[in-house]
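For reference, the chains in residue letters:
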Amino acid sequence: MLGADAPKGKRLSVQQSFVAGAITGMFVALVECPQDLFKSQIQVQVFKEKPQFTGVAGAVKEIWRTGGVRSVYQGFGPTLTRNVFSVSMYFGWYEWTRDQIAASRGCQVSDLDGFDVFAAGGLGGIMYWGINFPMDVIKSSMQSDSIVRSERRFSGILDCARKLYKEGGIKRFYSGYAPCMARSIPANAACFVAYEKTKQLLE
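As the structure is a computational prediction, the values presented were derived from the model and not from experiment.

**Student:** So what's going on with the layout of surface pockets? Residues and values would help.
**Tutor:** Here the largest pocket is characterised by a volume of approximately 650 Å³. Taken together, 25 residues line the largest pocket, and the ones lying closest to its centre are Arg11, Glu95, Arg98, Glu196 and Lys199. Secondary structure elements with two or more residues in the lining of the largest pocket: α1 (14-45), α3 (76-105), α4 (114-130) and α7 (177-202). Tallying contributions element by element places α7 first for the lining of the largest pocket, with seven residues. Per-class residue counts for the lining of the largest pocket are ten nonpolar, six polar and nine charged. What the second largest pocket holds in volume is close to 530 Å³. When residues in the lining of the second largest pocket are grouped by element, the largest group, six residues, is from α1.

**Student:** Please provide a residue-by-residue account of the side chain of Arg152, values included.
**Tutor:** For Arg152, the location among the structural elements is in the loop between α5 (133-143) and α6 (157-168). Buried within the structure, Arg152 lacks any salt-bridge partner; Asp145 is the closest side chain of opposite charge, at an N-O distance of 5.5 Å. A distance of 3.5 Å separates the side chain of Arg152 from the backbone oxygen of Ile147, its partner in a polar contact. Residue contacts for Arg152: discarding those within four places in its chain leaves Gln74, Asp145, Ser146 and Ile147.

**Student:** I'd love a proper account of α3, names of residues and values included.
**Tutor:** With 30 residues, α3 should cover 44 Å at 1.5 Å per step; its first-to-last C-alpha distance of 43 Å lies within 8% of that length. In the stretch just after α3, Gly106 is the one whose phi turns positive, near 65°.

**Student:** Lay out the nonpolar core with the relevant residues and their values.
**Tutor:** One broad trend across soluble globular proteins is that nonpolar side chains are buried collectively. Trp129, Ile138, Cys160 and Leu164 are the most contacted members of the largest nonpolar core, which has 21 residues in total. At the level of elements, α3, α4, α5, α6 and α7 are the ones that each hand at least two residues to this core. Not counting chain neighbours up to four residues away, the residues in contact with Trp129 comprise Arg82, Asp136, Tyr177, Cys180, Met181, Arg183 and Ser184.

**Student:** So what's going on with the side chain of Gln143? Which residues, and what values?
**Tutor:** In this fold, Gln143 is placed in helix α5. Filtering out sequence-adjacent residues up to four positions away, Gln143 remains in contact with Cys33, Asp36, Leu37, Ser40, Gln41, Gln74, Gly75 and Thr79.

**Student:** So, the pattern of salt bridges: which residues are in play, and what are the values?
**Tutor:** This model, assessed by the stated rule, comprises 13 salt bridges. As a salt-bridge pair, Arg82 and Asp136 come within 2.5 Å of each other at their nearest N and O atoms. Separated by 54 residues along the polypeptide, Arg82 in helix α3 and Asp136 in helix α5 bring together distant segments of the chain. Of the residues examined, Arg82 reaches a relative accessible area of 3% and is grouped as buried. Residue classification places Asp136 among the buried residues on the basis of a relative accessible area of 12%. A salt bridge links Glu196 to Lys199; the nearest nitrogen and oxygen atoms lie 3.7 Å apart. Of this pair, Glu196 and Lys199 are both found in helix α7, three residues apart, which corresponds to roughly one turn of the helix.

Reading guide: rules and limits
- Residues numbered from 1 in each chain as written.
- Predicted model: local features only at pLDDT ≥ 70, side-chain atom pairs only at ≥ 80, totals over all residues.
- Heavy atoms only, no water.
- 1 Å grid on protein atoms, 1.4 Å probe; cavity = no way out; pocket = protein on both sides within 12 Å on 5 of 7 lines; lining within 4 Å.
- Points joined across faces, edges and corners; volume = space filled by probe spheres on them.
- Helix = DSSP H or I, 4+ residues; strand = E, 2+ residues; numbered from the N terminus.
- Nonpolar A, V, L, I, M, F, W, Y, C, P; charged D, E, K, R; others polar.
- Buried < 20%, exposed > 50% of the residue type's maximum accessible area, 1.4 Å probe, protein only.
- Lys, Arg positive; Asp, Glu negative; His and termini not counted.
- Salt bridge = Lys/Arg side-chain N within 4 Å of Asp/Glu carboxyl O.
- Polar contact = N/O pair within 3.5 Å; in protein donor to acceptor, adjacent residues only side chain to side chain.
- Contact = heavy atoms within 4.5 Å.
- Expected span 1.5 Å × (residues − 1).
- Core = buried A, V, L, I, M, F, W, Y, C linked by side-chain atoms within 4.5 Å.

As structure tokens, this is what we get:
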């Protein structure tokens, strides 16, 4: 079990942090997939001459009408794949970086200052998106596809990947990568600093 080697009150090992992140990603995908689908479909309607719906309520109603729960989870495969690996990398690399910084300074992880945590959090953000950004592009493409199964352009992850590659090669999978990273690094760094500082205040 995750906590087998971690007595109560002790930190998880880096390996356990990777596993915990992966499991967390699985559960996040269950909640995140429908939300991302609704958002993607609403964005698609903007470019249509006659939109099927114009808001969240309309999107939920129309998507549910086309196929119930199954339709609400359109794009779940790539969402799950992205989240399992991304969240695992996010927490695992954050904890690994903190351990490395603490070891290099001969101190405890709890003694690291805000800048150290900021750096570790920034790396966590890089690892979240750096490896799995192509899967996010695939996810977005599949969730922007038709909500009517028979009219969809993509039949699955591999089919979507092949067609996107034909459109623009490897570059197609990194569209929007730069602004994503520019946002992700400081945002996740700040997130972990706030998290660690709040923990200290509550202890």
